[in-house]
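Below are the chains, spelled out letter by letter.
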Amino acid sequence: MTRDRPLGGATGIFYHPSFSRRSYLTAGRRLADFPDALAPLIESPHVKLFECAPVTDELILLAHDPHMIPEVEADPF
Amino acid sequence: MEGMDRVAAGELRNVFCFIGAGGHHAGRNFFGGYCCFNDVVIAIRQARRAGRLGRVAILDTDAHHGDGTRDLVVDDPDVLHVCICNVDYISADGTKVDAAAPEPWALDASPDRAYLDLVRKTFPGRARFFHPDLMVWYFGFDTHQGDYGDRVLTSEALLGLADMALDTAHEACRGRLLVVLGGGSRADLATALIPPIIARLAGVSA
């Protein structure tokens, strides 16, 4: 998507396709209509769509104890 | 992470962040309630590490208490954390605040009006006084009628919260606002609510 407006005035949307496959709840397909539901918005020069990057362990450890990482990975939900 | 970085750096005016799992029930050494890692606090700490951020005001209107976020910011006087949940509490320094949402069946007024009045009484004034560099609205739509945290709210109330968040961010921190998706399970509500909220952020038609 090209933008002719400085980012400083724009609204960002941070999204990843995986969020629409399985989101928040185990049975959760609450975002199944996305990103299609955003189509009219991202035509606007005032809106920019970004794909979320994976978070690193280093960043997780800014807030959490190290044991949280394997425990979350092992969580069935 | 990138959303907060870009708003803090002034590269974006505001952002809407979708999520794959929740964050506000994840504390330093615990997680639950379908939350894994505390996205908001990690992003704050990353932006601070980069020297882009100091004070942050968080408004949490998910149906349930943001216990993980509170655990992580409880000793941080540079985070105002206001949670609309089911208890009333104000910390000694006034930066950690819980407000019990009205019980819908005990109301004479409409649940929408009562909820919005409570948030208006609890958050904007504190945020303006706090002078944050940036504001976070943790937006759960589980409070909507028929969802799992049902507060008998309608979409009008949730869009009213969006307007209030935008106005408060404008007054308190030059419009620097992150909206982070929280709880809520219904696809029809997500589809009905999220695009108009983003439209409000961008100042365009939905």
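Residues numbered from 1 in each chain as written. Chains lettered and ligands numbered in written order. Predicted model: local features only at pLDDT ≥ 70, side-chain atom pairs only at ≥ 80, totals over all residues.

Focus on the pairing of strand β1 (residues 14-17) of chain B
Definition in use: The burial criterion counts other C-beta atoms lying within 10 Å of a residue's C-beta, which is placed from the backbone; the residue is buried at 20 or more, exposed at 12 or fewer, and partly exposed between these limits. Runs of H or I in DSSP of at least four residues are treated as helices and runs of E of at least two as strands, each being numbered from the N terminus. What makes two strands pair is DSSP finding at least two bridges between them.
A two-sided burial pattern is seen for β1 of chain B, the buried positions comprising Asn14 and Phe16 of chain B on one face and Val15 and Cys17 of chain B on the other. As judged from the 4 bridges shared by strand β1 (residues 11-15) of chain A and β1 of chain B, these two strands associate in the parallel manner. Pairing of Thr11 of chain A across the sheet is with Asn14 of chain B, part of β1 of chain B. When β1 of chain B meets strand β7 (residues 177-181) of chain B, the two strands line up parallel, connected through 4 bridges. Bridge pairing in β7 of chain B links Cys17 of chain B to Val180 of chain B.

Observations regarding helix α2 (residues 39-49) of chain B
Applicable threshold: We call two residues in contact if the C-beta atoms placed from their backbones are at most 7 Å apart.
Where burial is concerned, most of α2 of chain B is hidden: 8 out of the 11 residues are buried. Within α2 of chain B, the full set of buried residues consists of Asp39, Val40, Val41, Ile42, Ala43, Ile44, Gln46 and Ala47 of chain B. Those residues of α2 of chain B hidden inside the fold are in contact with α3 (57-60) of chain A together with α1 (2-8), β2 (56-60), α3 (67-73), β6 (134-139) and β7 of chain B. Following α2 of chain B by one or two positions, Gly51 of chain B adopts a phi angle in the positive range, close to 75°.

A few points about the sheet that holds strand β2 (residues 47-51) of chain A
Heads up, the condition is: Between the N-to-C directions of two axes lies an angle of 0 to 180 degrees, each axis being a line fitted to C-alpha atoms and, for a helix, fitted only over the stretch in contact.
Taken in spatial order, the 9 strands make up an open sheet running β2(A)-β1(A)-β1(B)-β7(B)-β6(B)-β2(B)-β3(B)-β5(B)-β4(B), and their pairing is mixed. At either margin of the open sheet sits one strand with a lone partner, and together these are β2 of chain A together with β4 (89-90) of chain B. By the bridge criterion, 5 bridges tie β1 of chain A to β2 of chain A in an arrangement that is parallel. Across the sheet, residue Thr11 of chain A finds its bridge partner in β2 of chain A, namely Val47 of chain A. Across the face of the sheet, helix α4 (residues 111-122) of chain B comes into contact with β3 (79-85) and β5 (96-100) of chain B while running at roughly 160° to β3 of chain B.

Quick look at the environment of Leu193 of chain B
Residue and element names in this part refer to chain B. By the element assignment, Leu193 lies in helix α7 (residues 187-202). Using a count of 20 C-beta atoms within 10 Å as the deciding quantity, one classes Leu193 as buried. As for Leu193 and Asp60, which are separated by 133 residues in sequence, their C-alpha atoms are 17 Å apart. Ignoring anything within four residues of it in the chain, the contact list for Leu193 reads Phe141, Ser155 and Leu158.

Here we look at the environment of Asp65 of chain A
Note on placement: Asp65 of chain A falls in the loop between α3 and α4 (68-74). You can call Asp65 of chain A partly exposed: it has 13 C-beta atoms within 10 Å. Discounting residues that sit within four places of it in the chain, Asp65 of chain A has contacts with Arg28 and Asn29 of chain B.

A few points about unusual backbone geometry
Here the amide bond leading from Phe34 of chain A into Pro35 of chain A is cis, since omega sits at 10°, within 30 degrees of zero. Relative to the assigned elements, Pro35 of chain A resides in the loop between α1 (18-21) and α2 (39-42). Although it is not a glycine, Tyr34 of chain B sits at a positive phi angle of roughly 65°. Here Tyr34 of chain B shows up in the loop between β1 and α2. Residue Val152 of chain B is not a glycine yet carries a positive backbone phi of 65°. Judged by the 19 C-beta atoms lying within 10 Å of it, Val152 of chain B falls in the partly exposed class.

Thoughts on the confidence of the model for chain B
Test applied: What pLDDT expresses is the predictor's confidence in each residue, scored from 0 to 100.
Mean pLDDT over chain B works out to 95, with 100% of the residues at or above the 70 mark. Among the prediction metrics, the complex's ipTM stands at 0.94, with pTM recorded as 0.94.

Quick word on the interface of chain A and chain B
Rules: Classification used: nonpolar for Ala, Val, Leu, Ile, Met, Phe, Trp, Tyr, Cys and Pro, charged for Asp, Glu, Lys and Arg, polar for all others including Gly.
On the chain B side, the residues contacting the 39 residues of chain A number 42 residues. At the level of elements, β1, α1, β2, α3 and α4 of chain A are the ones that each hand at least two residues to the side of chain A that touches chain B. When grouped by side-chain class, the residues that make up the side of chain A that touches chain B number 24 nonpolar, 11 polar and 4 charged.

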